[in-house]
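In case you want the letters, here they are:
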Amino acid sequence: MVKIHHRYAMVDGHQIFYREAGPRHRPTVVLLHGFPASSLMFRHLLPRLADRWHLVAPDHLGFGLSDAPTADEFTYSFDSLTDITGTFLAQLGIERYCLFVHDHGAPIGWRLMLRTPTAVTAIITQNGNAYDEGLQPEFFTAVRDYWREQTPHTEAGVREALSLELTRWRYLAGVTDESLIDPTTWTHDHDLLSRPDSDRAQLALFLDYATNLELYPKVQQHFRERQVPLLAIWGKGDPIFGPAGALAFATDLPDAEVHLVPGGHFLLESALDEVVPLVRAFLGNHL
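All values derive from a computational prediction rather than experimental measurement.

(A) A look at the overall build of the protein. The secondary structure content of the protein amounts to 12 helices and 8 strands. Computed over the C-alpha atoms, the radius of gyration of the protein is 18 Å, within 12% of the 19 Å expected from 2.2 N^0.38 for a compact globule of 287 residues. By principal-axis analysis of the C-alpha atoms, the protein measures approximately 50 × 40 × 40 Å. Taking all 287 residues of the protein together, the buried fraction comes to 55%. Contacts spanning at least 24 positions in sequence make up 76% of the contacts within the protein whose residues lie at least 6 apart. Accessible surface for the protein amounts to roughly 11,900 Å². Of this, 51% is attributable to carbon and sulfur atoms.

Rendered as C-alpha cells:
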C-alpha cells in the first residue's frame, strides 16, 4: 500500500503544509497547485505515481493547510510565494526536480525555473499557462479591468471569483458528467477562501497576476534556449485557460507533448485515468 505523508515545515517563520510520497532516493516531482485549491487536488494522483518517483506537493502560503497571514502581515505576490517555495525546497534538500504545475502554480514554477535554470529537469503543465493565447477573454475581462483601475466596481468583478458559485463553476465548467466531481472539492475551497482577511490576500494576487503576463517572454525564451522536456495535459473545456495555451508550447518547444483531454480546469477530478498513463510515460522517458 502506498503511503502518503502529511507534513509541515517552518519556512521564513511560516508553517507550510505539504504532502510527500515515494522513495526519497528516486527522482523528485514537485507539484504546485492552482487557485483556489491546495495540494488536495493531487490526492488521487500521488498514489498512482509514488511507486517510482518522489513526490512533494506543498500548499502555497495563504492556501490549504499552510499558514494564512493577513495582507498586512505578508505581501502576497507571485514573487513572494516563489521565495517561500524556493526556500521550502532548499530546506528539504531538493535541488533537481520535475515541475508539475497548475493554474497559480505555473507562474510560481516559471519563476523557480528562471531563478535556477538547471534545477528544473522537465515540466508537466496541467492547465498551467505561459502564453497570451491561453487566456480566455470571457474570464479575464474582469481581471484586466481590475489591473487597469482599482475601484469598487472593478473590485466587485474580481470578488465574484471568491464566491461559492464561481468556485463551483471552476470545477464543473467543461465537464461532461458533473457527477464525477466530488462537491466537497469546491465547498472545501470556499471554506478556506472565507477565512478572515483571505479576500484581501486573494485580491492582491489577482492584481499581481499582471506580472505573470509580463514574464511570459522570458519564460518562452528559456524554453527556446534550453528545450526542457514538457508535457502539456489540458482540459480542453477549461473556461479560464483555453486549449490554445496548451498548443502554444510547441511554438518554442517543438518536441513538447500536448494532449487535449475532455474535461475542465480541474482535470484530475474527472479524467484521472486518462492523465495518469500520459504522466507515467513522460516521467519514465525523462526522469
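(B) A look at the packing of helix H6 (residues 164–172) against helix H7 (residues 184–193). At a minimum axis distance of 9 Å, the contact between H6 and H7 shows a crossing angle of 140 degrees. Judged by the angle between their axes, H6 and H7 are oblique. In terms of crossing hand, the pair formed by H6 and H7 is right-handed. Residues Leu164, Thr167, Arg168, Tyr171 and Leu172 of H6 form the contact with H7, whose own contacting residues are Thr185, Trp186, Asp189, His190 and Leu193. When grouped by side-chain class, the residues that make up the contact of H6 with H7 number 5 nonpolar, 3 polar and 2 charged.

(C) Molecular detail of the sheet that holds strand E5 (residues 97–101). Strand order in the open sheet formed by 8 strands is E1-E2-E4-E3-E5-E6-E7-E8, and the pairing between neighbours is mixed. Edge positions in the sheet fall to strand E1 (4–11) and strand E8 (257–261), since each has one partner strand and no second. Neighbour to neighbour, the strand axes of the sheet diverge by 20 degrees on average, direction disregarded. Here E5 runs beside strand E6 (residues 120–126); their pairing, made up of 5 bridges, is parallel. Paired with Tyr97 across the bridge in E6 is Val120.

(D) Spatial organisation of H7. For H7, the complete set of buried residues consists of Thr185, Trp186, Asp189, His190, Leu192 and Leu193. End-on view of H7: buried residues confined to an arc of 160 degrees, all on one side of the axis.

(E) Representation of the packing of aromatic side chains. Across all of its chains, the model carries 16 aromatic pairs by this definition. Here the aromatic rings of Phe35 and Phe206 are separated by 5.2 Å at their centres, their planes lie at 75 degrees, and the arrangement is edge-to-face. Residue Phe35 is found in the loop between strand E3 (28–32) and helix H1 (46–49), and its partner Phe206 is found in helix H8 (residues 198–208); the two are separated by 171 residues along the sequence. Of the two residues, Phe35 and Phe206, both sit in the buried class. An aromatic cluster is present here, built from Phe78, Phe139, Phe140, Trp169, Tyr209 and Phe241 joined pairwise through their rings. Looking at Arg168, its charged tip hangs above the ring of Trp186, at a distance of 5.5 Å from the centre.

(F) Structural view of the pairing of strand E4 (residues 54–58). E4 sits mainly inside the fold: 5 of its 5 residues count as buried. Where burial is concerned, the two faces of E4 agree: the one with His54, Val56 and Pro58 and the one with Leu55 and Ala57 are both buried. As paired elements, strand E2 (residues 14–21) and E4 share 4 bridges and run antiparallel to each other. Bridged to Glu20 within E4 is Val56.

(G) Broad picture of the layout of surface pockets. By volume, the largest pocket is sized at about 150 Å³. Of all the secondary structure elements, the ones that give two or more residues to the lining of the largest pocket are helix H2 (78–91) and helix H3 (105–115). Taken together, the residues of the lining of the largest pocket break down into 6 nonpolar, 3 polar and 3 charged.

(H) Structural view of the side chain of His102. Relative to the assigned elements, His102 resides in the loop between E5 and H3. Taking the relative accessible area as the measure of exposure, His102 reaches 0% and is therefore buried. Apart from the residues lying within four places of it in its own chain, the contact partners of His102 are Leu32, His33, Gly34, Met41, Gln126, Asn127, Gly128, His265 and Phe266.

(I) Focus on H6. Along H6, the residues classified as buried are Leu166, Thr167, Arg170, Tyr171 and Leu172. Following H6 by one or two positions, Gly174 has its phi on the positive side, about 85 degrees.

Analysis parameters
- Residues numbered from 1 in each chain as written.
- Predicted model: local features only at pLDDT ≥ 70, side-chain atom pairs only at ≥ 80, totals over all residues.
- Heavy atoms only, no water.
- Helix = DSSP H or I, 4+ residues; strand = E, 2+ residues; numbered from the N terminus.
- Rg over C-alpha atoms; globule rule 2.2 N^0.38 Å.
- Buried < 20%, exposed > 50% of the residue type's maximum accessible area, 1.4 Å probe, protein only.
- Contact = heavy atoms within 4.5 Å.
- Areas by Shrake-Rupley, 256 points an atom, 1.4 Å probe, with all protein chains shown as cover.
- Axes fitted to C-alpha atoms, helices over the stretch in contact; angles between N-to-C directions.
- Parallel < 35°, antiparallel > 145°, perpendicular 65-115°, else oblique.
- Left-handed = near helix turned anticlockwise from the far one by under 90°.
- Nonpolar A, V, L, I, M, F, W, Y, C, P; charged D, E, K, R; others polar.
- Pairing = 2+ DSSP bridges.
- Arc of directions from axis to C-beta.
- Phe/Tyr/Trp six-rings, centres within 6.5 Å; stacked < 30°, edge-to-face > 60°.
- Lys NZ or Arg CZ within 6 Å of the ring centre and 35° of its normal.
- 1 Å grid on protein atoms, 1.4 Å probe; cavity = no way out; pocket = protein on both sides within 12 Å on 5 of 7 lines; lining within 4 Å.
- Points joined across faces, edges and corners; volume = space filled by probe spheres on them.

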